[in-house]
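The residues making up each chain are set out below.
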There are 2 protein chains.
Amino acid sequence: MVENDSDSILQDSKNEDIVFLVVGDPFGATTHTDLVLRARKKGIQYRVVHNASILNAVGCCGLQLYNFGETVSVVFWTDTWKPHSFYDKITANKSRGMHTLCLLDIKVKEQSIENLMRGKKVYEPPRFLTASLAAEQLLEIIQQKREKGEKDIVLAEDSLCVGLARVGADTQTLLACTLEQMTSVDLGPPLHSLVIPGYMHPLEMEMLKQFALNDSVIDMIETLERNSEHSQS
Amino acid sequence: MVENDSDSILQDSKNEDIVFLVVGDPFGATTHTDLVLRARKKGIQYRVVHNASILNAVGCCGLQLYNFGETVSVVFWTDTWKPHSFYDKITANKSRGMHTLCLLDIKVKEQSIENLMRGKKVYEPPRFLTASLAAEQLLEIIQQKREKGEKDIVLAEDSLCVGLARVGADTQTLLACTLEQMTSVDLGPPLHSLVIPGYMHPLEMEMLKQFALNDSVIDMIETLERNSEHSQS
């Protein structure tokens, strides 16, 4: 609504106080920045109340916020549109030792091509990209790169990742496992996020072990821990 | 207190509910992750309430959160200790077009070397690194690099930066100006942060103009806008 109807929000604010509630921090979305800008230009006083956002709440998985690189968005692939840009950003972060938070696509109020062409305002049911499907898309990119003979592929089937579901809610679920394992995991209802860790400090690994899928993932993290101790000594 | 005394917090939680309040998001500090880890190991139930943090509230300056690279910490320099690491991270972000949030040093409960040696538990008054002093330290590094004849210096005296003070409070102050200008600006009481923008989209520039120090800064941003339009067309 705010995308198409911000003028009516601002119009009403001439006579009364208007509150506009959002999920996450108000400045997480360009649309809200635009609303603030319009208000300023009209001389309408505003006050922003900041809020927790997945951008900092992701810290609940134990990976330290200051070790995250650029945040990426993973979109739903279609049969004809399979962008790879998020993969490149993840590997750029990982190569520099940084973690990556992957925000997963949300499709609400989408029309089928048929309904769009017929001008029917019938909307598809909302869809939310799961950590599982995001991992699947990542693995498909890796597979393609391998088939093309590309070297220095930073991610693989056995790369560690963390799935986060409903962060901050009572049903919050965190799971650390390999990308391969993530493809067959069901973290339950939305919203999901996916984190690809970079270099991890001992405390980060210790925390991640708490959310390990199984003992073999704990073994994997402990092997990383030992290797990191050796490289430091 | 939590650094040295987390055991007593956990001890009391056996018999009663304990609430531990922090500034920002609980997982912004390694210490709090450690506390959660200790609680888990002792089988103590816990619940984390996430909160706004400067890591997302920084969006109030108009720069989009997903365009920020790695966050850096700028420390108070001493006569003998002047680390440059934050400069390198800022320029690495900027070279990739990303913005950098600089968190500025906080010194509380610090002892003078004299009191430390005498074992006197007398603490110095708290100190908070200002955006102004941070800009000064950055310019000193740039000057040194220039004297050494280094090329490709990404930042200069006339680079744009944004000072943020008391974000989220009623007295919040935002100011966009050059690094040189920032050195002589007083943003008032703590806490301050400093942002070094990377590549900016039109909406980001539009918002930044709202906080420009003076007309010459607005001109500067508008020149950037025109150059970015030309490079796109």
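Residues numbered from 1 in each chain as written. Chains lettered and ligands numbered in written order. Predicted model: local features only at pLDDT ≥ 70, side-chain atom pairs only at ≥ 80, totals over all residues. Heavy atoms only, no water.

Engineer: So what's going on with the packing of aromatic side chains? Which residues, and what values?
Structural biologist: Across all of its chains, the model carries two aromatic pairs over all chains by this definition. Here the aromatic rings of Trp77(A) and Phe86(A) are separated by 6.5 Å at their centres, their planes lie at 45°, and the arrangement is tilted. Considered together, Trp77(A) and Phe86(A) belong to a single accessibility category, that of buried residues. Here the basic side chain of Arg127(B) rests over the ring of Phe76(B), its NZ or CZ set 4.2 Å away from the ring centre. (Phe/Tyr/Trp six-rings, centres within 6.5 Å; stacked < 30°, edge-to-face > 60°. Buried < 20%, exposed > 50% of the residue type's maximum accessible area, 1.4 Å probe, protein only. Lys NZ or Arg CZ within 6 Å of the ring centre and 35° of its normal.)

Engineer: Describe helix H2 (residues 30–41) of chain B, and please don't skip the residues or the numbers.
Structural biologist: Residues and elements named next belong to chain B. With 12 residues, H2 should reach 16 Å at 1.5 Å per residue; the first-to-last C-alpha distance of 17 Å fits that figure. Residues of H2 that are buried: His32, Thr33, Leu35, Val36, Leu37 and Ala39. One or two residues past the end of H2 sits Gly43, with phi positive at roughly 70°. (Helix = DSSP H or I, 4+ residues; strand = E, 2+ residues; numbered from the N terminus. Expected span 1.5 Å × (residues − 1).)

Engineer: Please set out the relation of the copies chain A and chain B residue by residue, giving values where relevant.
Structural biologist: The operation relating chain A to chain B is a screw motion whose rotation component is 180°, with 0.0 Å of axial translation and a residual RMSD of 0.0 Å. Expressed as a symmetry operation, the mapping of one chain copy onto the other fits a two-fold axis. Using C-alpha coordinates, one finds that chain A approaches the rotation axis most closely at Ala52(A), a distance of 2.0 Å. Both copies present the same face, since 98% of the interface residues in chain A are matched by interface residues at the equivalent positions in chain B. (Least-squares fit on C-alpha atoms with pLDDT ≥ 70 in both. Contact = heavy atoms within 4.5 Å.)

Engineer: Before we move on, can you summarise unusual backbone geometry with the specific residues and values?
Structural biologist: Residues and elements named next belong to chain A. The omega torsion of the bond from Pro190 to Leu191 falls at -5°, within 30 degrees of zero and hence cis. With phi around 55°, Lys109 is a residue other than glycine that occupies positive phi space. Along the polypeptide, Lys109 turns up in the loop between strand S3 (106–107) and helix H5 (113–117).

Engineer: Tell me about empty space enclosed by the protein, and please be specific about residues and values.
Structural biologist: What the rule picks out here adds up to one cavity of 30 Å³ or more. By volume, the largest cavity is sized at about 260 Å³. Lining of the largest cavity is provided by 14 residues; of these, Leu55(A), Thr71(A), Leu55(B), Gly69(B) and Thr71(B) occupy positions nearest its centre. Taken together, the residues of the lining of the largest cavity sort by class into 10 nonpolar, four polar and no charged. (1 Å grid on protein atoms, 1.4 Å probe; cavity = no way out; pocket = protein on both sides within 12 Å on 5 of 7 lines; lining within 4 Å. Points joined across faces, edges and corners; volume = space filled by probe spheres on them. Nonpolar A, V, L, I, M, F, W, Y, C, P; charged D, E, K, R; others polar.)

Engineer: Outline the interface of chain A and chain B, supporting the account with residue identities and numerical values.
Structural biologist: Between chain A and chain B, the contact holds 40 residues from the first and 39 residues from the second. Between chain A and chain B the total buried area reaches about 3,500 Å² when both faces are included, carbon and sulfur atoms providing 58% of it. Per-residue buried area on chain A facing chain B is highest for Phe27(A), His50(A) and Leu203(A); these three make up 15% of the total on that side. For Arg47(B), the salt bridge identified is with Asp170(A), shortest N-O distance 3.3 Å. Taken together, the connections running from chain A to chain B amount to 12 residue pairs in polar contact (both at pLDDT 80 or more). For the side of chain A that touches chain B, the elements supplying multiple residues, two or more each, are helix H2 (30–41), helix H3 (54–57) and helix H8 (202–209) of chain A. In terms of residue count, H2(A) provides more of the side of chain A that touches chain B than any other element does, seven residues in total. Tallied by class, residues from the side of chain A that touches chain B come to 17 nonpolar, 14 polar and nine charged. (Buried area = accessible area lost by both parts, 1.4 Å probe. Salt bridge = Lys/Arg side-chain N within 4 Å of Asp/Glu carboxyl O. Polar contact = N/O pair within 3.5 Å; in protein donor to acceptor, adjacent residues only side chain to side chain.)

Engineer: Can you lay out the side chain of Ser13(A) for me, pointing to particular residues and giving the numbers?
Structural biologist: Its location among the elements puts Ser13(A) in the loop between helix H1 (2–12) and H2. Within the structure, Ser13(A) has its side chain in polar contact with the backbone oxygen of Leu10(A) (distance 2.5 Å).

Engineer: Could you give me a rundown of the pairing of strand S7 (residues 192–196) of chain A, with the residues and numbers involved?
Structural biologist: Residue and element names in this part refer to chain A. Of all five residues that make up S7, five are buried, and the element is covered over most of its length. The alternating pattern of S7 places His192, Leu194 and Ile196 and Ser193 and Val195 on opposite faces, both of which are buried. Sheet analysis places strand S2 (residues 100–104) next to S7, joined by four bridges and oriented antiparallel. For Leu101, the partnering residue across the bridge sits in S7 and is Val195. Sheet analysis places strand S5 (residues 160–165) next to S7, joined by four bridges and oriented antiparallel. Counted as the bridge partner of Gly163 is Leu194 from S7. (Pairing = 2+ DSSP bridges.)

Engineer: Break down the UniProt feature "domain: Tetrapyrrole methylase" (unreviewed entry) in chain A for me, citing the residues and quoting the values.
Structural biologist: UniProt's entry tags residues 14–119 of chain A with the feature "domain: Tetrapyrrole methylase" (unreviewed entry), counted in the numbering of this structure. The distance separating the terminal C-alpha atoms of residues 14–119 of chain A is 35 Å; by composition the span is 30% helix and 9% strand. (UniProt positions renumbered as here; feature names shortened; annotations may be inferred.)

Engineer: Tell me about the sheet that holds S2(A), and name the residues and values.
Structural biologist: One key point about sheets: their strands pair by backbone hydrogen bonds, in either a parallel or an antiparallel sense. All names here are of chain A. Spatially, five strands are ordered S1-S2-S7-S5-S6 in an open sheet, and the strand pairing comes out mixed. At either end of the open sheet lies a strand with only one pairing partner, and these are strand S1 (72–74) and strand S6 (173–178). Ignoring which end each strand starts from, the neighbouring axes of this sheet average 25° apart. In the sheet, S1 pairs with S2 via three bridges, with the strands oriented parallel. Looking at the pairing, Ser73 lines up with Leu103 of S2. The strands touched by helix H6 (residues 131–147) are S1, S2, S5 and S7; relative to S7, the strand with the most contacts, the crossing angle is about 40°. (Axes fitted to C-alpha atoms, helices over the stretch in contact; angles between N-to-C directions.)

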